[in-house]
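Geometric and topological summary
One letter stands for each residue in the lines below.
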Amino acid sequence: MSDALQPNAAFKKRVFSGIQPSGGLTLGNYLGAIKRFVQMQEEDYETIYCMVDLHAITVWQDPAALRRQTRELAAGFIASGIDPAKSILFNQSQVAEHAQLGWIFNCVARMGWMQRMTQWKDKAGKNSQNASLGLFAYPSLMAADILTYHATHVPVGEDQKQHLELTRDIAIKFNNDYGVEFFPVTEPVIEGAGTRVMSLRDGSKKMSKSDPSDASRINMTDDADTLAKKIRKAKTDPDALPSEIDGLEGRPEARNLVNIYAGLADMSVDAVLRDVGGKAFSEFKPLLADLAVAKLAPISGEMARLMQNEAEIDALLHTGAEAARAIAAPILEKTYEIIGMVR
């Protein structure tokens, strides 16, 4: 790769990431993404964060629920520490450049690339013929989300890493096809102990807002009592916690709770185990519950307050969309020029 294609060599350091407003915000979203979003806002980056509602409709959404969930997700971003004065915050459908560049990237990406996407296989399953075309093309639109801002870095969970690799492939192919060095080769940012949070009922499965059991997840709207109750009832095993990380091998529930503690406390797993090694879960769970309540209950409280004034949320998103378009529109216009569109 030439020096010009190194993201930090030729492009402004800019972060983009987004979350679907297709259900409630969970601890997995917070530890795997939003917590890092807040940190990057304070670092040497321009930060752009998005409610990706166009992605949400790749499967059917109730319109009233989608509106409510989009606002609730925005409230979750803000309550977690995203400052609209420091970061651009908006919902995807308000910035048409995402869909416009997405079509161009549909013409750059190859069918084989899409068919290899693990999430496509998982979500479509045996009913792929009944899945929407949008679900199949989802990674191409995700590439457009990122590259319409020339984003150089994207904080994501492990499950999105393959989509980031596809974004890089699309950028490289576009640049090669047209003999330009126009799109950056975006770097994924995957850090921290809590980047993949698992179910509280089954440590082998990812914590999911679509799980029918509410006890399987921590919702960012859960109050203090609910948080503590869910942690007390989380599945564990009969053995004491180990003092070293190797002792978590084959113990998915223990590993998950330790990871959650580490993510909330901003500690490494090794450091947590040095502190709690030898403790029974009857001792560790109250520590984890107290930590979760201290870190998360203020967020849920602020989310509830923000949701009392939907007009304020809408105004913030509208302002964010205008700021996003100011970046995206010239990049799309240059893309049209490169590919030969008469304007």
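Structure first, text after, so check above.
Bear in mind that the values here come from a model prediction, so they are computed numbers and not experimental data.

Structural notes on the nonpolar core
Ranked by size, the top nonpolar core spans 58 residues in total, and within it Leu27, Tyr30, Phe77, Leu264, Phe284 and Leu296 carry the most contacts. The element best represented in this core is helix α13 (residues 281-306), accounting for 10 residues. Phe77 has contacts with Ile19, Ile34, Phe37, Tyr49, Cys50, Met51, Ile82 and Leu89, leaving out every residue within four places of it along the chain. Residues Ile48, Trp120, Leu135 and Met142 belong to the second largest nonpolar core, which totals 44 residues.

A short note on the pattern of salt bridges
Going through the model one piece at a time under the given rule, you end up with 18 salt bridges. Taking the shortest distance from any N to any O, the salt bridge between Arg36 and Glu43 comes out at 3.0 Å. When its relative accessible area of 35% is taken as the criterion, Glu43 is described as partly exposed. Across the pair Glu310 and Arg71 runs a salt bridge, and its minimum N-O distance is 3.4 Å. Pair noted here: Glu310 is in helix α14 (residues 310-339) and Arg71 is in helix α4 (residues 63-80), with a separation of 239 residues, a long-range link.

A few points about the packing of aromatic side chains
In total, this model carries 10 aromatic pairs according to the counting rule given. In textbook terms, an aromatic cluster arises when at least three aromatic residues are bridged by ring pairs, as seen for Phe105, Phe174, Tyr178, Phe182 and Phe183.

Details of a negative patch on the surface
Together, Glu244, Asp246, Glu249 and Asp270 give the surface a local cluster of negative charge. Take Glu249: it is sitting in the loop between α10 (224-232) and α11 (252-265).

What to know about helix α5 (residues 97-108)
Between its terminal C-alpha atoms α5 stretches 16 Å, which fits the 16 Å expected from 12 residues at 1.5 Å a residue. What α5 keeps buried is the set Glu97, His98, Leu101, Gly102, Ile104, Phe105 and Val108. Along α5, the residues classed as buried sweep out an arc of 165° about the axis, all on the same side. Those residues of α5 hidden inside the fold are in contact with β1 (14-19), β3 (88-91), α6 (111-115), α8 (133-147), α9 (161-178) and α14.

Structural notes on α4
Taking 1.5 Å as the rise per residue, α4 with 18 residues should run 26 Å; its terminal C-alpha atoms sit 26 Å apart, in good agreement. In terms of burial, α4 is a largely internal element, 14 of the 18 residues being buried. If you check the start of α4, you find a side-chain oxygen 3.2 Å away from the backbone N of Ala64, and it comes from Asp62.

Here we look at the packing of α4 against α13
One can describe the packing of α4 onto α13 by two numbers: an axis separation of 8 Å at closest approach and a directional angle of 130°. For the element pair α4 / α13, the angle class is oblique. The way α4 lies across α13 gives a crossing that is right-handed. Contacts between α4 and α13 involve Glu72, Ala75, Gly76, Ile78, Ala79 and Ser80 from the first element and Ile299, Glu302, Met303 and Leu306 from the second. Among the residues forming the contact of α4 with α13, the class breakdown is six nonpolar, two polar and two charged.

Calculation criteria
Residues numbered from 1 in each chain as written. Predicted model: local features only at pLDDT ≥ 70, side-chain atom pairs only at ≥ 80, totals over all residues. Heavy atoms only, no water. Core = buried A, V, L, I, M, F, W, Y, C linked by side-chain atoms within 4.5 Å. Buried < 20%, exposed > 50% of the residue type's maximum accessible area, 1.4 Å probe, protein only. Helix = DSSP H or I, 4+ residues; strand = E, 2+ residues; numbered from the N terminus. Contact = heavy atoms within 4.5 Å. Salt bridge = Lys/Arg side-chain N within 4 Å of Asp/Glu carboxyl O. Phe/Tyr/Trp six-rings, centres within 6.5 Å; stacked < 30°, edge-to-face > 60°. Patch = residues over 30% accessible without salt bridge, like charges linked within 9 Å, V, L, I, M, F, W, Y side chains within 5 Å. Areas by Shrake-Rupley, 256 points an atom, 1.4 Å probe, with all protein chains shown as cover. Lys, Arg positive; Asp, Glu negative; His and termini not counted. Charge placed at Lys NZ, Arg CZ, Asp CG, Glu CD. Expected span 1.5 Å × (residues − 1). Arc of directions from axis to C-beta. Polar contact = N/O pair within 3.5 Å; in protein donor to acceptor, adjacent residues only side chain to side chain. Axes fitted to C-alpha atoms, helices over the stretch in contact; angles between N-to-C directions. Parallel < 35°, antiparallel > 145°, perpendicular 65-115°, else oblique. Left-handed = near helix turned anticlockwise from the far one by under 90°. Nonpolar A, V, L, I, M, F, W, Y, C, P; charged D, E, K, R; others polar.

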